[in-house]
Amino acid sequence: MTNFPLKSLFFGAVVMGLVAATGSAQAAGACAEGKTIEAGKLTIATGNPAYYPWVVDDKPEDGKGFEAAVAYAVADKMGFAKDEVMWVRSSFDEAIQPGAKNFDFNLQQFSITPERDKVVDFSEPYYSAAMAVLVRKGSVDAGAKPELASLKGLKWGAVAGTTGLPVVLDLIKPNSDPLLYDDNANVTEAMKSGQIDAALFDLPTALYLAAVVLDDGVVLGQFPADRTEKPDQFGLLMADGNPLKACVDEALEALKADGSLAKIEAEWLQEATGVPVIK
Amino acid sequence: MNRREKYEARQRRWSILIAAASTIATLAAIVILVPMAPGWSRVQQSFFSGEVFLKTLPKMLEAFLVDIAIFAWSTPLIAIVGLAAALARSTRSPGLFPLRVFGTIFVDVFRGVPVVLVIYLIGFGVPGLGLPRPWNSPYIWGTVALVLTYSAYVAEILRGGIDSVHPSQRAAGISLGLSESDVMRYIVLPQAVRRVVPANMNMLIALQKDVALLSFIGPVEILRQAGVYKSLLANFTPYVVAAVVFLAVTVPATRYTDYLMNRQNDARS
């Protein structure tokens, strides 16, 4: 404990350095002061496990992967150095249950919906996800096409509790009831065992599953964001009424304005182009 | 009514009064004190929202039909497989030793492995071998997994019942000229099965709830439907709906089990 004052002096110097470097960081740094769960630290939560391409190798501390990179960029704009960011893990349930949170904000592809917004707070969206249809090569050989009429005849699966499910039910309206699973691993397992033909994911996840998890996975097509009634937008989740929301929004606005958010997206989610659009 | 009867009647009225008063006091304490907790309004909104309750109830009841269907076709299968395993373990002939070993392994393995693992392994694994539709349906293989697990428990309960029939009865049967199998069928099993009815009722109640585990491999039954609503509405009330629906079925079943047990105890004493 003896070196504690030295350490805080060092952090102070880092923060001062950042403040000197950019004017906006100064405003944001001051903004977040005293509003975080642990003073001088920013506690960020993500899923357990966190999946590629959102977080690479389930190690958000490395800052690799789209969400890990966004988290560090937001932290930077808010005036937190890389070593002042702490990671915790949380499930979806933990994140939306009433009561105190153990994180300042949580990012694991939480889609912003009005119902969820009643219980927790969301930041401005940091990504608009197109929904994509994942199938195996056998279905394509059997004649599945990226057209609604063709999709109706497939046996569908989805991860229960994602916003993909309403899209399946309301937009595709399959002929038989979809089967539902706990997570992506179970959905792909059901595809492997031939129990379902197709599943709906956000595009980056679908691309990852097709390329890495399934031997013969194909992303059949994507629904453009305006096709779905409410486009799926990911937001940073915070406890209801968290005063930090203003600072987080400000940081995200700044990232959008100076083009760095687009740059991060291009770096980690570049494959998203080139998938046919569903007619 | 003599003096003693009057006294006892008075005592009874008095104890009913005390029971009623203490029940009311306890309920009042809960009803008054819990809402005084600072977070009550948020908890109420998240877990006991009347609006969400009414909105989700119809679809939840529909999903509960899936539970009932799986339960209905699993129960007779469990009874058959469980009885077969119990009989396999209760054989005495030296030539049937492999059957006893198989019965023992079956019971040990399926009682020792978590139900969820069995469901995953059989529900995803067997169809993964390349079965065509509809033979790879999760309903079929999920049922197989449940039946195997529950048969193992039921087999042990039945074997306990079989062992509880005194050996002298078997000896008496044989000395009357009945074969081993006739002794089992006409003398031992009727008594054994009757003795373990309450224990098997407990298994039925447990099965009613474990049917929900099939949702892990796809079927949308009531608990899965509740999970979907929970995520979409960011509200836990659908789970309360599921609990209410389950209670509506399990409470009468439990009471009936108690009644059976009491009757059996009375008959024995």
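Residues numbered from 1 in each chain as written. Chains lettered and ligands numbered in written order. Predicted model: local features only at pLDDT ≥ 70, side-chain atom pairs only at ≥ 80, totals over all residues. Heavy atoms only, no water.

Visitor: Just checking my understanding: could you explain the overall build of chain A for this structure?
Guide: Broken down by element type, chain A carries 12 helices and 10 strands. Relative to its 279 residues, chain A shows a buried fraction of 52%. Nonlocal contacts in chain A, meaning residues at least 24 apart in sequence, comprise 73% of its contacts between residues at least 6 apart. In the form shown here, chain A has an accessible surface area of approximately 12,200 Å², with 55% of it arising from carbon and sulfur atoms. (Helix = DSSP H or I, 4+ residues; strand = E, 2+ residues; numbered from the N terminus. Buried < 20%, exposed > 50% of the residue type's maximum accessible area, 1.4 Å probe, protein only. Contact = heavy atoms within 4.5 Å. Areas by Shrake-Rupley, 256 points an atom, 1.4 Å probe, with all protein chains shown as cover.)

Visitor: Looking at this structure, how should I read the environment of threonine 149 of chain B?
Guide: All names here are of chain B. Here threonine 149 lies in helix α6 (residues 138-164). Residues threonine 149 and valine 118 lie 31 residues apart in sequence; the distance between their C-alpha atoms is 7.8 Å. For threonine 149, the residues in contact, after removing those within four places along its chain, are Phe110, Val115 and Val118.

Visitor: Is there a simple way to explain the sheet that holds strand β6 (residues 156-159) of chain A in this structure?
Guide: In a beta sheet, neighbouring strands are held together by backbone hydrogen bonds and run either parallel or antiparallel to one another. Residue and element names in this part refer to chain A. Overall, mixed pairing links the 5 strands, which are arranged β7-β6-β8-β5-β9 in an open sheet. Edge strands, defined here as strands with exactly one partner in the open sheet, are β7 (179-181) and β9 (217-223). For this sheet, the mean inter-axis angle between neighbouring strands, taken without regard to orientation, is 30 degrees. (Pairing = 2+ DSSP bridges. Axes fitted to C-alpha atoms, helices over the stretch in contact; angles between N-to-C directions.)

Visitor: Before we go on, may I ask you to explain the interface of chain B and chain A in this structure?
Guide: Interface size is commonly expressed as the accessible surface area that is lost when the partners come together. Each partner contributes residues to the interface: chain B has 26 residues there, and chain A has 30 residues. Approximately 2,300 Å² of surface area, both sides summed, lies buried where chain B meets chain A, with 57% of it carried by carbon and sulfur atoms. Among the residues chain B hides against chain A, the three largest losses belong to Phe124, Arg133 and Leu232 of chain B. Together they make up 25% of the total. Where chain B touches chain A, the interface holds 2 salt bridges. The partner of aspartate 182 of chain A in a salt bridge is arginine 224 of chain B, and the shortest N-O contact between them spans 2.9 Å. Between the two partners, chain B and chain A, sit 10 residue pairs in polar contact (both at pLDDT 80 or more). (Buried area = accessible area lost by both parts, 1.4 Å probe. Salt bridge = Lys/Arg side-chain N within 4 Å of Asp/Glu carboxyl O. Polar contact = N/O pair within 3.5 Å; in protein donor to acceptor, adjacent residues only side chain to side chain.)

Visitor: In this structure, what is going on with the nonpolar core? I would like to understand it.
Guide: Inside soluble globular proteins, nonpolar side chains tend to come together where they are buried. Leu134, Phe201 and Val219 of chain A together with Ile119 and Leu146 of chain B are the most contacted members of the largest nonpolar core, which totals 57 residues. When near neighbours in sequence (up to four residues on either side) are disregarded, valine 219 of chain A contacts Ala132, Val133, Leu134, Leu203, Ala206, Leu207, Ala210 and Val275 of chain A. In this structure, Ile44, Phe105, Phe234 and Val248 of chain A belong to the second largest nonpolar core, which totals 36 residues. (Core = buried A, V, L, I, M, F, W, Y, C linked by side-chain atoms within 4.5 Å.)

Visitor: Whenever I open this one, unusual backbone geometry confuses me. Can you help?
Guide: Residue and element names in this part refer to chain A. Cis rather than trans, the peptide bond between asparagine 48 and proline 49 has omega equal to -5 degrees. You can see proline 49 is positioned in the loop between β1 (42-46) and α3 (66-77). The omega torsion of the bond from tyrosine 52 to proline 53 falls at 0 degrees, within 30 degrees of zero and hence cis. Its location among the elements puts proline 53 in the loop between β1 and α3.

Visitor: Got a minute to help me understand the side chain of aspartate 104 of chain A in this structure?
Guide: All names here are of chain A. When you line up the elements, aspartate 104 lands in the loop between α4 (92-96) and β3 (105-106). Buried and without a salt bridge, aspartate 104 has lysine 41 as its closest oppositely charged side chain, separated by 11 Å. In this structure the side chain of aspartate 104 is engaged in a polar contact, spanning 2.8 Å, whose partner is the backbone nitrogen of isoleucine 37. Apart from residues lying up to four places away in sequence, aspartate 104 is in contact with Lys35, Thr36, Ile37, Lys41, Leu42, Thr43, Leu237, Met238, Asn242 and Leu244. (Lys, Arg positive; Asp, Glu negative; His and termini not counted.)

Visitor: I tried to follow the packing of aromatic side chains on my own but got confused; where do I start?
Guide: Here a ring pair, both rings aromatic, is described through the centre-centre distance and the interplanar angle of the planes. Counted according to the given criterion, the structure contains 19 aromatic pairs over all chains. With a centroid separation of 5.3 Å and an interplanar angle of 45 degrees, the aromatic rings of tyrosine 52 of chain A and tyrosine 208 of chain A are classed as tilted. Here tyrosine 208 of chain A lies in helix α10 (residues 203-213) and tyrosine 52 of chain A lies in the loop between β1 and α3, a separation of 156 residues in the sequence. In this structure tyrosine 208 of chain A comes out as buried when scored by relative accessible area, which is 18%. With 6.5 Å between their ring centres and 45 degrees between their planes, phenylalanine 47 of chain B and phenylalanine 48 of chain B make a pair best called tilted. Given the relative accessible area of 29%, phenylalanine 47 of chain B is considered partly exposed. Accessibility expressed as a relative area gives 48% for phenylalanine 48 of chain B, which makes it partly exposed. Every member of this aromatic cluster is reached through a ring pair, and the members are Trp54, Phe66, Tyr126, Tyr127 and Phe234 of chain A. (Phe/Tyr/Trp six-rings, centres within 6.5 Å; stacked < 30°, edge-to-face > 60°.)

Visitor: Explain the domain arrangement of chain A to me, please; I cannot follow it from the model alone.
Guide: All names here are of chain A. Its domain assignment divides chain A into domain 1 (4-128 + 233-270) and domain 2 (131-223). Across the contact, 10 residues belong to domain 1 and 7 residues belong to domain 2. Contact with domain 2 buries surface across domain 1, with Tyr51, Tyr52 and Trp54 losing the most and accounting together for 50% of the total. The tally of links from domain 1 across to domain 2 stands at 0 salt bridges. Our count for the domain 1 to domain 2 interface comes out at 2 residue pairs in polar contact (both at pLDDT 80 or more). Split by residue class, the side of domain 1 that touches domain 2 holds 7 nonpolar, 2 polar and 1 charged. (Domains from an automatic or database assignment. Nonpolar A, V, L, I, M, F, W, Y, C, P; charged D, E, K, R; others polar.)

Visitor: Mind showing me how you'd approach the pairing of strand β5 (residues 131-136) of chain A here?
Guide: Side-chain direction in a regular strand flips from residue to residue, so the side chains alternate between the two faces of the sheet. Residues and elements named next belong to chain A. Counting buried residues along β5, 5 of its 6 residues qualify, which places the element largely inside the surrounding structure. Both β5 and strand β8 (residues 198-202) contribute to a ladder of 5 bridges, which runs antiparallel. Its bridge partner lying in β8, leucine 134 is registered against alanine 199. As defined by bridge partners, β5 adjoins β9 across 6 bridges and the pair is classed as antiparallel. Looking at the pairing, leucine 134 lines up with valine 219 of β9.

Visitor: Would you take a moment to explain the pattern of salt bridges for this structure?
Guide: It is possible for side chains of opposite charge to pair when their charged atoms get near one another. For the structure shown, the criterion picks out 15 salt bridges over all chains. For aspartate 258 of chain A, the salt bridge identified is with lysine 77 of chain A, shortest N-O distance 3.1 Å. Linking aspartate 258 of chain A in the loop between α11 (245-257) and α12 (260-268) with lysine 77 of chain A in helix α3, this pair joins segments that are 181 residues apart in sequence. The partner of glutamate 156 of chain B in a salt bridge is arginine 89 of chain B, with the nearest N and O atoms 2.7 Å apart. One end of the pair, glutamate 156 of chain B, is in helix α6; the other, arginine 89 of chain B, is in helix α3 (residues 50-90), with 67 residues separating them in the sequence. Each of Arg89, Arg111, Glu156, Arg159 and Asp163 of chain B takes part in salt bridges that share partners, so that together they form one network.

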